[in-house]
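# Structure at a glance
Now for the letters of each chain:
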Amino acid sequence: MSKQEERTESGVSRRSVLLSAGAAAGVLGIGGKQTLDSLTRDATSGSVDGLFDETQVLNTACAPNCRGKCPLNVHVRDGQIKFVEPQMTDDEQYRRGCLLGQSHVQRVYSPKRLKYPMVRSDWSPGDPNPGGRGEGAEFEQVSWDEALDYVAEEMLRVREEYGPESVFFHTGSGDNGMGTTIFGRLASMFGGTQQGWSIDSNVGMGFNRVTGHGYFLPPTNESEDWVNANTIIVWGSDLLASQFQNDASKVLDAMENGAKLVVVDPVYTTTAAKADLWLPIKPGKDTHLALAMINAVLTEGIYDAEFLRERTTAGALVRNDTEELLRMGDIEDSDDDRVVGVHSETGEPVPLEPDTYADVELFGQYEVDGIEATTGLTLLEDHVQQYSPETVADVAELDAEDIRTAARWLATRGPGGIASSYALGRYKYGHVFGQTYAILLALTGDYGKSGTIHAQHPLGASLSSGDYGSPEGAEGAQYLRMHEVPDALENGEPYPIKAIYGMESNMLVNQFPDRQRWMDLLENVDMFAMADIHRTPTVQHADILLPAAHWFEREDITDAWGSHPHISYRAKAHDPLWDARDDYYIINDLAEKLGYEDLFLDDKRGELEKIASNDDRFDFDELREKGNVRIDVDVVKYTDPFPTDTGRIEIYDEDQPVEEEGTVLDLPRPIEDRTAEDHELADEYPLMFMQKHSKWRIHSQWADNAMVRKMNPEPTLDVHPSDARERGIDEGDYVRVYNDRGEVVVRAEYNEGMQPGLINIDQGWWAEDFVEGSLQDLTHMEVNDLAPTFAFYDVRAEIEPAPDVDTSMYTDPESADWLGDYPSEGDAQ
Ligand SMILES: Nc1nc2c(c(=O)[nH]1)N[C@H]1C(S)=C(S)[C@@H](COP(=O)(O)OP(=O)(O)OC[C@H]3O[C@@H](n4cnc5c(=O)[nH]c(N)nc54)[C@H](O)[C@@H]3O)O[C@H]1N2
Ligand SMILES: Nc1nc2c(c(=O)[nH]1)N[C@H]1C(S)=C(S)[C@@H](COP(=O)(O)OP(=O)(O)OC[C@H]3O[C@@H](n4cnc5c(=O)[nH]c(N)nc54)[C@H](O)[C@@H]3O)O[C@H]1N2
Ligand code: SF4
Ligand SMILES: [Mo]
């Protein structure tokens, strides 16, 4: 067993114990009550001993996709979870947690949990009635055996008829335990389709073109080093709402240590309120701003010449004739493909080695061996002439002197950096911003040193599972990225998808953009199974419902997307309630029914051991005992040669990528989609519409949590009073937010912090929580060519009063009655 710190609770009155046992059992319904009774000592028998029963304190971890992965202690008494608190980890600098993590008692005992395996009443194999899916669908309870027989038989039939890739093993980001690792093993054995990402990735891909690093946001120094930064530019992130467990506290520590904080955000957010300098940029103008900062750094001569000579291609010559980098092989008879600079003293051409200081000219035009060529830095300098702080101040509605100040702080105050975020990746051409700020940080020399920052949230530690995901004899995985799945569903390109098993995801009907299209596309599949803890909108659209155990009801390891160089352990607090099951055992049973008897061990402990044994940086037994272990990671990043052709940061991109509308990206050139003032939708839909990540939820999780809903009861539209008044909308009115794609109805909230012209509804609300429609009825799936990523915020809309809608779900005094079905905070003690 894991180390269980035992302690006896005193001061608990008999009445509160009775209340808590009664209240929790009462809300669970028949099955729940029986399950709970069987787990609970007889609290009503009057045994005084029971009152002073020992409380077990177990290690576990909260691990939705917020990057927190916060180690928690769960207090279990009488077989019930009574209380959750952050763990006092050995590694003091990474102690963390938030209130969502502490409200898990309400999640475990939520009446909205999925309780039994169920099958849609009008679904049967060979006669799927896809039109019957959705809000009105009714389900019948079945046994686990029956449910998984249906799933397995349909998977086998689809494989036989269409090929294994026609079965989609869909995963979201709901939990960072070993669930998707285990699921991936089955998927690759079967040869089914797995899912690649088209979210959060274009900024990283743009950065990658310059540095060779990044897919999601690029790597950055680990949190413990952020305190050494002298200037932090938080760019497009409200990290006091979206990374409050970690990055936020590190930024504040750095400020206490003397750092300047700059925040680039159109909205006066909590993070902006902390800033020394807030740049309230117009949405979509970030590449312009980064180019203006490059202009300022070059004009004022405050670039880091030594760094540019040692680690970049700033001094490398670009041929005027071919627009390609000049190579040694061009000027001597050899196949030497090293790029060339001009030596500052001798004027002779010299090759640039990776990571080696070269005393070369940074600026100028030269003739080498009869070839006319210009340095990359001069090309950049010429290019940014058109982006002076004054010009960009007009475009982005900023103050030119503020732009210069931000550039000066970054360039002259010592190591610092840019904590860029995912928000910029929610614009269609976010990759160009990634390219631009990678170059800006090269000019200021902010790579490979203590105190440099390149993105929000460090990578932390991930468990490396070796070849666990592709066991011997595996067919191998097929991957479709999210934006490619619709074509497979609709046109059978590159192959049809006919059956789906999804887990840890509320994407298909809630979190993906263009919800109406996904619902239509799902009509083309014959079998849609969803495993989830809660009855989400996506679950409601499935055919086969598989109730999964809550995180506290199973043993697990959590890792990945950490922001923390640790791997954590989850002990099991009690058995899954009702008829819910650990995903591991669901997948294991399914594997057997598919004919893979030996793919998984019968006991999960053994399987976890097997996975962990692939990573020799930690020991599973030690992990179980301690609750979490630190993994050896590089605290300071970018100390090795860059994984580019030249081993250097490549300022000039000789591949000359061309975006679809003809923009050449040899150097960064801003491209805009719907944020452009002359976009074809701009007149009809003058407002930009974003959907910020909320501190009240992690994506769609906690949307049905009673404690949270008391504080954040319903979705609202954040709107600047001037935009609202212009349209006759009073504070608190219900409004219709609409565009060419669809509409949603919500209550308007005046917010002086919003920029006029920009509106927001926090993302993650379930469709059923809106008075009408869903915010995803307005979003679209158009992506760029070079770094396809869903552009959730690149959306235009208009708003109008909606006096005629039925708002009783929120305005009727009895509408909050459902909250009464939950155990309250007091019961949780
Ligand atoms: N509590 C909580 N934390 C979370 C999540 C959650 O759902 N809830 N989700 C997690 C995940 S997966 C992600 S990807 C991250 C996302 O979290 P963040 O990276 O913080 O991203 P967003 O919430 O999308 O937007 C952040 C800010 O970008 C600003 N913004 C909007 N448009 C522009 C623009 O054009 N330019 C600039 N400069 N700024 C703009 C918005 O006003 C907003 O304040 O958070 C993670 N953390
Ligand atoms: N409009 C708009 N949409 C967005 C965004 C936006 O900014 N705007 N942000 C996008 C981003 S950045 C992301 S990452 C996605 C996130 O989208 P999702 O990955 O769908 O996010 P969640 O809502 O966290 O998780 C989905 C489900 O996983 C379930 N789950 C949790 N743990 C387990 C488990 O152990 N087993 C099983 N079987 N299920 C479990 C939860 O109950 C929940 O229903 O949303 C995207 N959607
Ligand atoms: S929701 Fe995120 S930040 Fe909050 S406790 Fe859980 S893992 Fe930590
Ligand atoms: Mo995300």
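About the criteria used
Residues numbered from 1 in each chain as written. Chains lettered and ligands numbered in written order. Predicted model: local features only at pLDDT ≥ 70, side-chain atom pairs only at ≥ 80, totals over all residues. Domains from an automatic or database assignment. Contact = placed C-beta atoms within 7 Å. Nonpolar A, V, L, I, M, F, W, Y, C, P; charged D, E, K, R; others polar. Pairing = 2+ DSSP bridges. Helix = DSSP H or I, 4+ residues; strand = E, 2+ residues; numbered from the N terminus. Axes fitted to C-alpha atoms, helices over the stretch in contact; angles between N-to-C directions. Buried ≥ 20, exposed ≤ 12 C-beta atoms within 10 Å, placed from the backbone. Arc of directions from axis to C-beta.

### Looking at the domain arrangement of the protein
Under the domain assignment used here, the protein contains domain 1 (1-192 + 475-640), domain 2 (203-443) and domain 3 (687-821). Just the C-alpha atoms count here: the centres of domain 1 and domain 2 sit 41 Å apart. Counting residues at the interface gives 14 residues for domain 1 and twelve residues for domain 2. Each residue belonging to the side of domain 1 that touches domain 2 can be placed in one class, and the counts come to six nonpolar, five polar and three charged.

### Here's the deal with the sheet that holds strand β16 (residues 371-375)
On the basis of which strands lie adjacent, the open sheet formed by three strands has the order β12-β16-β15 and antiparallel pairing. Of all strands in the sheet, those bounded by a partner on one side alone are β12 (317-319) and β15 (365-368). Across this sheet, the average inter-strand angle for adjacent strands is 40°, counted without regard to direction. Sheet topology note: the β12/β16 ladder contains three bridges and is antiparallel. The residue of β16 that forms the bridge with Arg319 is Ala373. Against the sheet, helix α15 (residues 376-383) makes contact with β12, β15 and β16, and its axis sits at roughly 65° relative to β16, the strand it touches most.

### Considerations on the sheet that holds strand β22 (residues 556-558)
Strand order in the open sheet made by the three strands is β22-β23-β24, with antiparallel pairing throughout. If you trace the sheet from one side to the other, it starts and ends with β22 and β24 (628-630), each paired once. Taking each pair of neighbouring strands and ignoring which way they run, the sheet shows an average axis angle of 20°. Two elements, strand β23 (residues 566-570) and β24, share three bridges in a ladder whose sense is antiparallel. Its bridge partner being in β24, Ser568 is matched across the sheet by Asn628.

### Looking at helix α24 (residues 604-612)
Listed in full, the buried residues belonging to α24 are Lys604, Glu607, Leu608, Ile611 and Ala612. Taken down its axis, α24 places every buried residue within 135° of arc, on the same side. Pointing more than 90 degrees away from the buried face of α24 are the exposed residues Arg605 and Gly606. The elements touched by buried residues of α24 are α7 (179-190), β22, α23 (583-593) and α25 (620-626).

### A closer look at the environment of Val771
In this fold, Val771 is placed in the loop between β29 (758-760) and β30 (772-773). When residues no more than four places from it in sequence are discounted, the contact partners of Val771 are Tyr734, Val745, Val746, Val805, Thr807 and Met809.

### Concerning unusual backbone geometry
A cis geometry characterises the amide bond from Glu493 onward to Pro494, with omega recorded as 0°. Within the secondary structure, Pro494 is located in the loop between α19 (485-491) and β19 (499-503). Residues other than glycine seldom take positive phi values, yet Gln656 does so here, at roughly 50°. Examined against the element boundaries, Gln656 turns out to sit in the loop between β24 and β25 (687-690). The exposure class assigned to Gln656 is exposed, which follows from the 12 C-beta atoms found within 10 Å. In this model, His699 sits at a positive phi of 50°, which is unusual for a non-glycine residue. By secondary structure assignment, the location of His699 is in the loop between β25 and α26 (706-711).

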